[in-house]
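Chain by chain, the residues:
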Amino acid sequence: MAYVVLRHRDIPDLNKFDTYKNNGGLDAFKKAVTEMKPADVTDVVKNSGLRGRGGAGFPTGMKWSFIDNKNWPHYVVANADESEPGTFKDREIMESNPFQFLEGLMLASYAVGANVAYVYLRGEFWEIGAALDEKIAQLEEAGYLGDKLFGTDYSLRIHTHLGAGAYICGEETALLESLEGKRGQPRVRPPFPPSFGLYGKPTIINNVETFTNVPMILANGADWYKTMGTADSAGVKIFSLSGRVRRPGNYELPFGTTFRELIYGEKNGAGVQDSRQVKAIMPAGASSSLIVVNGDEKILDTPMDYATVRTLGADLGSASIIVLDDTVSMDWLVNKTVHFFKHESCGKCTPCREGTFWMKNITERIHDGAGTQGDVDLLLNVAKQMQGKCLCALGEFATMAVTTGIERFPQDFKKAVKA
Ligand SMILES: Cc1cc2nc3c(=O)[nH]c(=O)nc-3n(C[C@H](O)[C@H](O)[C@H](O)COP(=O)(O)O)c2cc1C
Ligand code: SF4
């Protein structure tokens, strides 16, 4: 099957303007601006069933249709923060297929009537930011960005912006605060960005991978997109596979591909290192609940789509599949994830600021061999008390590995504590 998002793997040099253009690139944008109404572009995306790839899987066309047309100007922002441990797909897209990403951002901007769009990049992506600036300049020079495009009244400019390296700035409202030059902390919602976003104006925020699907959907049609994937989750997804597999990497596969095919397929993960057994899977990076596998064949045959993964007590999220084998003890894993979230908690709300602090202290004690069963119970209690009380999802994410680790792998914690 030909690639949809990782098309550079089929077409060498796709990151060059001429190659992109010679392979049909930018035709969809020109056609949209010159022949389609903005709402028609949104309708195609809506009908394709495309869902956001940033984690929540929210229907993209529906989000675009929420833009408040009574309040102007409008903005579109690409979330290129990519900070979830285990996620490394947006980086490959922006490095190797940047024009398709930018064209998707341009189509979204046209669809919602935005004349200015931003790419918000994590601070460590400064080289990618500089390369994107060059691509944007090329698009301006060739007449695809700028004033009165193709002789119409539509104008569009794109700017890149580097963050300072904070996981919370991937959360869309913290991202907007940071883009406005303020401290990157989440806003209370509602109002949501399509009505109150950047500078208080209606704003659409999507993930890089989400945008990169859009030119192909416009070029080939909504029905073509729906021939791939499942009824619940249309199209293809990039699975960032890591952990104890033989071949970690990004794999673009249709939604509904099984965990087994991703982990064991010869062209994919090629199996677990040292031929060990899969003990658990984190399907959504460090934010994930732990799916218990322990060699259970049925679990490995589960199709990966948003609805089915939920039946295993986890979310697919951004599909950063971390594979854990029987060399990993869950007290170690929980200690690692809690450290990360304690470090990244922005401190704005008490349950997350204090909760992650105390969870870190307790997990460290357990991991150092100085903990007791009472500490394990206390850790679970703190995590459960945080749930449902945090201002943004980071606080919830911090509890996922803790609660599912203790509840689904109690034997690992029993071994880790003093008798
Ligand atoms: C703590 C936190 C970090 C996030 N990090 C990212 C990120 O790095 N990239 C991303 O696209 N979305 C991230 N999100 C999700 C965004 O808030 C938002 O839902 C997403 O960018 C919307 O795009 P989509 O509809 O295309 O998925 C994060 C959310 C939270 C709560
Ligand atoms: S949940 Fe954590 S990261 Fe989110 S606002 Fe509260 S303190 Fe900040």
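This is a predicted model, so every value here is computed, not measured. Within each chain, residues carry numbers counting from 1 in the order of the written sequence. Just so you know, chain letters begin at A and ligand numbers begin at 1, following the order they were written in. For a predicted model such as this one, the threshold for reporting local features is a pLDDT of at least 70, and the threshold for listing and counting side-chain atom pairs is 80 or more; totals across whole chains, interfaces and linings nevertheless cover every residue. For the side-chain quantities, the full set of heavy atoms in the structure was used; hydrogens and water were omitted.

Caption draft 1: Representation of the site of ligand 1 within the structure. Looking at ligand 1, there are 19 residues lining it, with Gly54, Lys63, Asn206, Asn207 and Thr210 nearest. Between ligand 1 and Asn79, the relevant distance is 2.9 Å, taken from an oxygen atom to a side-chain nitrogen or oxygen of the residue. With respect to ligand 1, the side chain of Asn207 contributes an N or O atom lying 2.8 Å from an oxygen atom. Using a 1.4 Å probe, the Shrake-Rupley method yields the accessible areas, and only the shown protein chains count as cover for residues. For ligand 1, the accessible surface in isolation is 620 Å², of which the surrounding protein chains cover 90%. Secondary structure elements follow DSSP: runs of H or I no shorter than four residues count as helices, runs of E no shorter than two count as strands, and numbering proceeds from the N terminus. When contributions to the shell around ligand 1 are tallied by element, the ones reaching two or more residues are strand 4 (203-207) and helix 17 (393-408). Residues are sorted three ways: Asp, Glu, Lys and Arg are charged, Ala, Val, Leu, Ile, Met, Phe, Trp, Tyr, Cys and Pro are nonpolar, and all the rest, Gly among them, are polar. Residues belonging to the shell around ligand 1 are distributed by class as follows: five nonpolar, eight polar and six charged. Among the domains, domain 1 (7-226) and domain 3 (330-416) are the pair contributing at least three residues each to the shell around ligand 1. When at least one non-hydrogen atom of a residue lies within 4 Å of a molecule or strand, that residue is treated as near it. We call two N or O atoms a polar contact when they sit within 3.5 Å, provided that within protein one can donate a hydrogen and the other can accept it, with sequence-adjacent residues counted only if both atoms are side-chain atoms. Where each domain begins and ends is defined by an automated method or by a domain database.

Caption draft 2: Structural context of a nonpolar patch on the surface. Patch definition: residues above 30% relative accessible area lacking any salt bridge, with like charges linked at up to 9 Å and the nonpolar side chains Val, Leu, Ile, Met, Phe, Trp and Tyr linked at up to 5 Å. Salt bridges are identified by distance alone: a Lys or Arg side-chain nitrogen within 4 Å of an Asp or Glu carboxyl oxygen. On the surface, Phe58, Met62 and Phe66 cluster together into a nonpolar patch covering about 270 Å² of accessible area. As for its position among the elements, Phe66 is in the loop between helix 4 (60-65) and strand 1 (74-80).

Caption draft 3: Region of the structure containing the nonpolar core. Of all hydrophobic cores here, the largest spans 60 residues; its most connected members are Phe29, Phe101 and Met106. The element contributing the most residues to this core is helix 6 (residues 98-112), with ten residues. Residues are treated as being in contact if the distance between any of their heavy atoms lies within 4.5 Å. What Met106 contacts, discounting residues up to four positions off in sequence, is Leu26, Phe29, Leu139, Tyr144, Leu145, Leu156 and Ile158. If you look at the next biggest cluster of nonpolar residues, it comprises 47 residues, including Ala286, Val376, Phe409 and Phe413. Take the buried residues of types Ala, Val, Leu, Ile, Met, Phe, Trp, Tyr and Cys, join any two whose side-chain atoms come within 4.5 Å, and each joined set is a nonpolar core. To sort residues, take the accessible area from a 1.4 Å probe on protein chains only and compare it with the maximum for the residue type: under 20% means buried, over 50% means exposed, and anything in between is partly exposed.

Caption draft 4: Highlighting the domain arrangement of the chain. In terms of domains, the chain is made up of domain 1 (7-226), domain 2 (236-325) and domain 3 (330-416). Here the C-alpha centroids of domain 1 and domain 2 sit 28 Å apart. Residue-level contacts link 19 residues of domain 1 with 18 residues of domain 2. What gets called buried area is simply the loss in accessible area from a 1.4 Å probe that two parts show on being joined, summed for both. Carbon and sulfur atoms supply 48% of the area that domain 1 and domain 2 bury against each other, a total of about 1,400 Å² over both sides. The interface formed by domain 1 and domain 2 includes one salt bridge. Here Lys237 and Glu209 are joined by a salt bridge, their closest N and O atoms 2.6 Å apart. At the surface where domain 1 touches domain 2, the tally comes to 14 residue pairs in polar contact (both at pLDDT 80 or more). By residue number, the principal contributor to the side of domain 1 that touches domain 2 is helix 5 (residues 89-96), which donates three residues. Looking at the side of domain 1 that touches domain 2 residue by residue, the class counts come to five nonpolar, seven polar and seven charged.

Caption draft 5: Region of the structure containing helix 7 (residues 126-141). Over its 16 residues, helix 7 runs 23 Å from end to end, which matches the ideal 22 Å to within 8%, given 1.5 Å per residue. Of the positions making up helix 7, those classed as buried are Ile128, Gly129, Leu132, Lys135, Ile136 and Leu139. Summarising the axial view, the buried residues of helix 7 lie within an arc of 120°, below the 170-degree limit, and thus occupy one face. Turned more than 90 degrees away from the buried face of helix 7, the exposed residues are Trp126, Glu127, Glu134 and Glu141. Along its buried surface, helix 7 packs onto helix 1 (17-22), helix 5, helix 6, strand 2 (114-121) and strand 3 (157-162). Each helix should span, by expectation, one fewer than its residue count multiplied by 1.5 Å. It is the directions from the helix axis to the C-beta atoms whose arc is reported.

Caption draft 6: Here's a closer look at unusual backbone geometry. In the segment running from Trp72 into Pro73, the intervening peptide bond is cis, with an omega of 0°. Tracing the backbone through its elements, the reader meets Pro73 in the loop between helix 4 and strand 1. Here the amide bond leading from Arg189 into Pro190 is cis, since omega sits at -5°, within 30 degrees of zero. Residue position: Pro190 is located in the loop between helix 8 (172-179) and strand 4. Despite not being glycine, Asp13 has its phi angle at roughly 65°, a positive value. Positionally, Asp13 belongs in the segment before helix 1. Relative accessible area serves as the criterion here: at 45%, Asp13 is assigned to the partly exposed category.

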